[in-house]
Amino acid sequence: MKILLVYPYYPTTFWSFRNAMKFIDRKASFPPLGLMTVAAMLPESWDKRLVDMNVCSLEDDDLLWADYVFISAMTIQRPSVREVIERCRRLEVKTVAGGPLFTSCHEDFPEVDHLVLGEAEMTLPLFLKDLRRGMPRRLYVAEGWAPLNETPAPLWDLVAMKDYAAMNIQYGRGCPFDCEFCDITVLYGRKPRSKPLDRILAELQALYVWGWKGAVFFVDDNFIGDKAKLKREVLPALIGWMKARKYPFYFYTEASIDLADDPELMELMVRAGFEEVFIGIETPNAEGLAESNKVQNKNRDMIASVKRIQQAGLQVHGGFIVGFDSDPPSIFDQQIRFIQESGIVTAMVGVLSALRGTKLYRRLEREGRLLKDSSGDNTAIDINFIPHMKPEILIAGYQKILNTIYDPKQYYRRVIQLFKEYRPRPQASFHLQKGHLGALFKSMLFLGVLGKERFHYWKLFFWSLFRKPRLFPLAITYAVYGFHFRKVAEKIKGCGMFDGNEGWGAKNGYV
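Residues numbered from 1 in each chain as written. Predicted model: local features only at pLDDT ≥ 70, side-chain atom pairs only at ≥ 80, totals over all residues. Heavy atoms only, no water.

## What about the overall build of the protein chain?
So the rule is basically this: Helix and strand assignments come from DSSP, with helices taken as H or I runs of at least 4 residues and strands as E runs of at least 2, each series counted from the N terminus. For this measure, only C-alpha atoms enter the radius of gyration; the expected value for a globule follows 2.2 Å times N^0.38, where N is the number of residues. The classification of residues rests on relative accessible area computed with a 1.4 Å probe and restricted to protein chains. Under 20% of the type maximum is buried, over 50% is exposed, and intermediate values are partly exposed. Areas reported here follow the Shrake-Rupley algorithm with a probe of radius 1.4 Å; residue values treat only the protein chains shown as occluding. In summary, the charge assignment counts Lys and Arg as positive and Asp and Glu as negative, without counting His or the chain termini. Charge positions come from single atoms, namely NZ of Lys, CZ of Arg, CG of Asp or CD of Glu.
Per the secondary structure count, the protein chain includes 20 helices and 14 strands. Relative to the globule expectation of 24 Å for 511 residues, the C-alpha radius of gyration of the protein chain, 23 Å, shows essentially globular dimensions. For the protein chain, the proportion of its 511 residues judged to be buried stands at 57%. Looking at the protein chain as shown, the accessible area adds up to about 21600 Å², and 55% of this sits on carbon and sulfur atoms. Taken as two groups, the 68 positive and 60 negative side-chain charges of the protein chain have centres that lie 5 Å from each other.

In C-alpha cells, the structure reads:
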C-alpha cells in the first residue's frame, strides 16, 4: 500500500503565529502529531508520505501516487478539508478521514470513502483488518477510551524539523473538568489517561537523537489531570533525563489554574524544564464561571493565582471568552483590566462559540438559539448562536478588548509586568537555534525602525538588556509575538461582519 497522509491548511489565527514565523524562517508552529502517530500504526512495509499543507503545497502528483489519502483535521481546517476531499474525488483517489473534525461532524462528509472516528488506537486496527480482507466498511466507531500503553511513537522521519518552530508530544488525554463550552471531554473523556513513563522518555530521546534543540509542546489539554502520578513518577524522571543531557529542550503545556495551589508540582515542573503554561481563565465574572461550569476557577483570586505561577518560574498564557449569557455590559472593561493587571502577555480572547457535541451546543439547540456550525476559530467574529447581549454591542466590545490589549503601549507594559514577577529556572543553558540571530536583526529593523511600536520596542530592548539580561531573548520573542497578535487583531477589526448586511440581525432572530 502507498499511503499519503495530508494535514490541511490551518488559517491565520492567534495560535498559528504565522506572522511570527517569518522572523525565524520557519513555516509552521508544530508538525501534525496525530497523523505522524497514525502513520506509526500502519504496517511497517507500507510506503508512507506526509504533506503538511501549512509548509508545502499539495500537488496532484502526490494524490495520484497514493492508494489511500488519510486526512485528519480540526474544525477550523474545514475549508481546506473540503478542497482536499474534492480533489481526491476528482482524481478518483480513495480517502480515509479521522480526527476531531470528522469525529464530531462525520455526517457532514458523505463523500469520504472511509471514516475512522474517535481514538485511532481503537478504530484503526478494525479498519486495517477489514482492508486486509478486502471488505473495508465506511464507518468505524469504537466504544470507550483507548489505553495509551501501546500508543506508538510518531514517525518523525515523515517531516522536516527545520520547517517548524517547535516539536510536540502527547503525555496523556482527558480532563477531570467538564466546562460547558469545551469538547475535550466529548473527544477524550474525563478520566485522565497517560502513556507509560518509558514511552515518554523514548519519544524525547528520539527527538534528541534527531538533533532537535529548543521548544517541545506537551499537547495535553490538561497536563496536570493526574497530579499524584506527575509528582511521584513522571516529573522526577524528566528532571533526571534533562539533567543528564544538559537541558536540550524547554517544555510548555496546558493546565488548569489549580496548578497555582500546588507549590511542589510547580517546582518539579520548572526543574523538569517547563517554562510556559496555557491556562483557561475565560472570564473574571463569577456568574460567567458558574454558567460555564468552570468550577476550578471559582472562589479564588485569579490574579493572585496567576502571579503565584509566574513567580514559581512559569510564564502564563491565558484564554479569555466574551459572550456568556451572564456577561454584563462592563465585561469588556473587566477583561481588559484583568489582562493588564495579571501580566498575561499572550492573551487569546475569543467570542463564545458552540462546538458540536458540547453541553453548550445541546443547551442552545434545546433553546432554539443555534444559527449554524462553529467555524472553530474562536478569535473570529463569527457568532453561531443568538447571544443575550445585542451582537453589535458584543462585537464592538470584543474589538475594544483586542484594540486595547494589543496596542503597543499596553502590550509592552504587560511584558515588563511579567518580567517583574517571572522567576526563570536557574539550571537552563541558552541554546541558540537556527533563526534566532536573524529574528533579532529583523525585529530591530521591522519593529524598532519601521514599526509603529518602535518607541516601546526600544524601551523593552534596553530595559531587559540591562535590568533582566537573562530574559533578553524572551523580550525579543514577545516583541515578535506582539507583531503577530496586532496583525490578527487588525484583521478582526476590519472584518465588517455587519457591513452591507443590515438584515442579518432580523433574519437570525435579533430585534
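## Remarks on unusual backbone geometry
Positive phi is not limited to glycine here, since glutamate 92 has a value of about 60°. One can find glutamate 92 in the loop between α4 (78-90) and β4 (94-98). Glutamate 92 gets classed as exposed once you look at its relative accessible area, which sits at 74%. The backbone of asparagine 299 shows a phi angle near 55°, a positive value even though the residue is not glycine.

## Looking at the environment of leucine 289
Filter applied, for reference: Contact definition: two residues touch when any of their heavy atoms are within 4.5 Å.
Counting through the fold element by element, leucine 289 comes out in helix α11 (residues 286-291). With relative accessibility at 4%, the residue leucine 289 sits in the buried group. Sequence separation of leucine 289 and glutamate 180 is 109 residues, and the distance between their C-alpha atoms is 9.9 Å. Ignoring sequence-local partners within four residues, the contact set of leucine 289 consists of Ile281, Thr283, Lys294, Asn297, Lys298 and Met302.

## Brief notes about empty space enclosed by the protein
Short version of the rule: Cavities and pockets are defined on a 1 Å grid built over the protein atoms alone: a cavity is a set of grid points where a 1.4 Å probe fits but cannot escape, while a pocket is an open set with protein on both sides within 12 Å along at least five of seven lines, and lining residues are those with an atom within 4 Å of any such point. Grid points are joined across faces, edges and corners, and a volume is the space filled by probe spheres set on the points. By the convention adopted, Pro, Cys, Tyr, Trp, Phe, Met, Ile, Leu, Val and Ala count as nonpolar, Lys, Arg, Asp and Glu as charged, and the other residues, Gly among them, as polar.
The full count for this structure, using the stated rule, is 2 cavities of 30 Å³ or more. For the largest cavity, the calculated volume is near 90 Å³. Taken together, Tyr171, Gly172, Arg173, Gly174, Pro192, Arg193, Ser194, Asp220, Asn222, Phe223, Gly225 and Asp226 make up the full set of residues lining the largest cavity. At the level of secondary structure, the elements contributing two or more residues to the lining of the largest cavity comprise β8 (172-173) and β9 (193-194). For the lining of the largest cavity, the class distribution of residues is 3 nonpolar, 5 polar and 4 charged. A volume near 70 Å³ is recorded for the second largest cavity. Every residue along the wall of the second largest cavity is listed here: Thr75, Arg78, Ser104, Cys105, Asp183, Leu355, Arg356, Asp373 and Ser374.

## Details of the sheet that holds β4
In plain terms, the rule: Think of it this way: DSSP has to see at least two bridges between two strands before they count as a pair. Here an axis means a line fitted to C-alpha atoms, over the contact stretch when the element is a helix, while the angle between two N-to-C directions is reported on a 0 to 180 degree scale.
The strand order β2-β1-β3-β4-β5-β6 describes an open sheet built from 6 strands, whose pairing is parallel. Single-partner strands in this sheet number two, and they are β2 (47-52) and β6 (139-140). Looking at chain direction, strand β1 (residues 2-7) and strand β3 (residues 68-72) are connected through 4 bridges and run parallel. Looking at the pairing, valine 6 lines up with isoleucine 71 of β3. Sheet contacts for helix α2 (residues 33-41): β1, β2 and β3; angle to β1, the most-contacted strand, approximately 165°.

## Some points on the nonpolar core
Keep this limit in mind: The term nonpolar core refers to a set of buried residues drawn from Ala, Val, Leu, Ile, Met, Phe, Trp, Tyr and Cys, joined through side-chain atoms within 4.5 Å.
Membership of the largest hydrophobic core comes to 135 residues, with the highest contact counts inside it found for Phe70, Leu235, Leu259, Phe274 and Phe419. Setting aside anything within four residues of it in sequence, one finds leucine 235 in contact with Phe223, Leu230, Leu265, Leu268, Met269, Ala272 and Phe274. Counting residues in hydrophobic clusters, the runner-up holds 24 residues, among them Val6, Ala66, Val81 and Leu101.

## Considering the side chain of lysine 307
Formally: Contacts described as polar in this section are N or O atom pairs within 3.5 Å, which, within protein, must combine one atom able to donate a hydrogen with one able to accept it, while residues neighboring in sequence count only if both atoms come from side chains.
As for its position among the elements, lysine 307 is in helix α12 (residues 302-312). A relative accessible area of 17% places lysine 307 in the buried class. At 3.2 Å, the side chain of lysine 307 and the backbone oxygen of glutamate 341 are in polar contact.

## Comments concerning the layout of surface pockets
Approximately 280 Å³ is the volume found for the second largest pocket. Around the second largest pocket, the lining comprises 16 residues; the ones closest to its centre are Thr12, Thr13, Asp377, Ala380 and Lys491. Elements with a contribution of two residues or more to the lining of the second largest pocket: α4 and α19 (472-493). If one sorts the elements of the lining of the second largest pocket by residue count, α19 sits on top with 3 residues. Looking at the lining of the second largest pocket residue by residue, the classes come out as 8 nonpolar, 5 polar and 3 charged.

## Observations regarding the pairing of β1
Taken across its 6 residues, β1 has 5 buried, putting it largely inside the fold. With 6 bridges joining them, β1 and β2 adopt parallel strand pairing. Each residue of the ladder has a partner; that of valine 6, found in β2, is valine 51.

## A few points about the packing of aromatic side chains
The condition that has to hold: Here a pair means two rings of Phe, Tyr or Trp (six-membered ring of Trp) with centres within 6.5 Å. Their orientation is stacked below 30 degrees between planes, edge-to-face above 60, and tilted elsewhere.
By the definition in use, this model includes 41 aromatic pairs. Plain terms: the ring middles of phenylalanine 251 and phenylalanine 274 are 5.2 Å apart, the flat faces sit at 50° to each other, and that makes the pair tilted. Separated by 23 residues along the polypeptide, phenylalanine 251 in strand β11 (residues 249-255) and phenylalanine 274 in strand β12 (residues 274-282) bring together distant segments of the chain. Residues phenylalanine 251 and phenylalanine 274 agree in their burial class; the two are buried.

## Digging into the environment of aspartate 25
By the secondary structure assignment, aspartate 25 is in the loop between α1 (18-24) and α2. Given the relative accessible area of 46%, aspartate 25 is considered partly exposed. Remark: the alpha-carbon pair of aspartate 25 and serine 72, spanning 47 residues in sequence, is separated by 26 Å. Aspartate 25 has contacts with Lys162 and Lys442, leaving out every residue within four places of it along the chain. Separated by 2.9 Å, the side chains of aspartate 25 and lysine 442 make a polar contact.

## Looking at helix α13 (residues 331-342)
As a reminder, the rule being used: One less than the number of residues in a helix, times 1.5 Å, gives the span that helix is expected to have.
With 12 residues, α13 extends 16 Å from end C-alpha to end C-alpha; this agrees with the ideal 16 Å at 1.5 Å per step. Among the 12 residues of α13, 9 are classified as buried, and the element is accordingly described as predominantly covered. Every buried residue of α13 is accounted for by Ile331, Phe332, Gln334, Gln335, Ile336, Phe338, Ile339, Gln340 and Ser342. Among the structural elements, β12, α12, β13 (315-322), β14 (347-351), α15 (391-405) and α16 (408-421) are those in contact with the buried residues of α13.

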